[in-house]
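# Notes for the structure review
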Amino acid sequence: MSASNQGYAEEAPALLKRYEEIAFEEAHGGVLDRIPRGPLRVLEIGAGSGRDAAWFAARGDVVLAVEPTREMREGGRQLHPSPAIEWLDDGLPALAKVRARGERFDLIWISAMWMHLDADERGAGMATLAALLAAPGAVMMSLRHGPVPEGRRMFAVTGEETIALAARHRLSCTLSETRDSPRAPGVAWTALWFVRSENRGGQDEG
Ligand SMILES: C[S@@+](CC[C@H](N)C(=O)[O-])C[C@H]1O[C@@H](n2cnc3c(N)ncnc32)[C@H](O)[C@@H]1O
């Protein structure tokens, strides 16, 4: 994997606590009404504390929670010991272990993670997402904009470029909404929702 998870191992105890203080509904209010009724097979990438995985598990979905930072993964597993959540040490762009399982997912959930990938990784990562998505299926992505926290690796990634990249992999954006963070001054979040483009008629690219 890349250096995309730089800083997370060192800060895991504080970050696990901080992520758990935010309710799922607060973090993802903009896309709540898009989430299909379950049960769904959910792939969460960069699952962090497992807050979102636990929300899906509690409503009856089955979640594969991918988290490459051992300290976050083990912390999340302890915080949310649900039999409906399987934790896996893997990462974008390749998600080699996930791909090797040969499964497809109804919903791919990427909260606050995509902007840790550089441009080449985002290109390869989008092809991975398209290959793992069931039909019909949806991808949720939230992008953080603003000052980069000390010790992390993060890029300025816009909603527009992400929508254009997704379109090249036949994923259409049906929702793009940017809001200021109520918690961190100078920080904003873009929520994106993608579905497979209609009239695909073929296989995914990549
Ligand atoms: C800002 S945290 C978000 C955690 C959680 N999704 C949330 O919204 O609270 C980003 C997470 O992505 C993970 N991460 C970093 N690079 C990754 C990669 N290449 N593939 C998958 N996860 C990655 C980090 O270890 C970290 O746990």
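Residues numbered from 1 in each chain as written. Predicted model: local features only at pLDDT ≥ 70, side-chain atom pairs only at ≥ 80, totals over all residues.

## Looking at the site of the ligand
Note the cut-off: Nearness rests on one distance test: the residue's C-beta atom, set from the backbone, must lie within 6 Å of the molecule or strand. For this classification, Asp, Glu, Lys and Arg are treated as charged, while Ala, Val, Leu, Ile, Met, Phe, Trp, Tyr, Cys and Pro are nonpolar and the rest, including Gly, are polar.
The ligand sits among 22 residues. The nearest are S4, G46, G48, G91 and S111. Split into classes, the residues belonging to the shell around the ligand amount to 11 nonpolar, nine polar and two charged.

## Considerations on the pairing of strand β1 (residues 41–45)
This is how it is decided: Field definition: a residue is buried when 20 or more other C-beta atoms are found within 10 Å of its C-beta, exposed when 12 or fewer are, and partly exposed for counts in between, with C-beta atoms placed from the backbone. By definition, any uninterrupted DSSP run of H or I lasting at least four residues is a helix, any uninterrupted run of E lasting at least two residues is a strand, and each is numbered from the N terminus. Should DSSP find at least two bridges between two strands, the strands are regarded as paired.
The buried count for β1 comes to four of five residues, which makes it a mostly enclosed element. Taken together, the five bridges between β1 and strand β2 (residues 62–66) define a ladder with parallel strand orientation. In the sheet register, V42 faces β2, and the bridge partner there is V63. As judged from the three bridges shared by β1 and strand β4 (residues 105–111), these two strands associate in the parallel manner.

## A short note on the nonpolar core
Heads up, the condition is: As used here, a nonpolar core is made of buried Ala, Val, Leu, Ile, Met, Phe, Trp, Tyr and Cys residues. They are joined through C-beta atoms within 7 Å.
Counting 44 residues, the largest nonpolar core has L43, I108 and V139 as the members making the most contacts within it. Judged by nonpolar contacts, the second largest core, of six residues, contains Y8, A12, L16 and M72.

## Concerning the environment of E10
If you trace the backbone, E10 turns up in helix α1 (residues 8–20). Sequence separation between E10 and M113 is 103 residues, and the spatial gap between their C-alpha atoms is 17 Å.

## Brief notes about the sheet that holds β1
For the record, the criterion: For helices, the fitted line uses only the C-alpha atoms of the stretch in contact; every axis is such a line through C-alpha atoms, and the angle between N-to-C directions lies from 0 to 180 degrees.
In space, the seven strands of this open sheet follow the order β3-β2-β1-β4-β5-β7-β6, with mixed pairing throughout. The sheet terminates laterally at β3 (85–88) and β6 (171–180), the two strands that pair on one side only. Taking each pair of neighbouring strands and ignoring which way they run, the sheet shows an average axis angle of 15°.

## Some points on the confidence of the model for the protein chain
Put simply, the rule is: You can read pLDDT as the predictor saying how much it trusts each residue, on a scale of 0 to 100. Distance between backbone-placed C-beta atoms decides contact: two residues are in contact if it is within 7 Å.
Looking at the protein chain, the pLDDT average stands at 95 and 95% of residues meet or exceed 70. Here residues 199–206 is modelled with pLDDT under 50, and outside its nearest four sequence neighbours on either side it reaches 14 contacts, counting other chains as well.

## A look at the pairing of β3
Where a strand is regular, its side chains alternate between the two sheet faces. Defined as follows: When the strands point away from the viewer and the path from the first strand over the helix to the second turns clockwise, the crossover is right-handed.
Burial of the side chains of β3 is restricted to one face: I85 and W87 are buried, whereas none of E86 and L88 on the reverse face is. Note: β2 against β3, four bridges, orientation parallel. Across the sheet, V63 pairs through a bridge with I85, a residue of β3. Regarding the hand of the β-α-β motif, the stretch spanning β2, helix α4 (residues 70–79) and β3 is right-handed.

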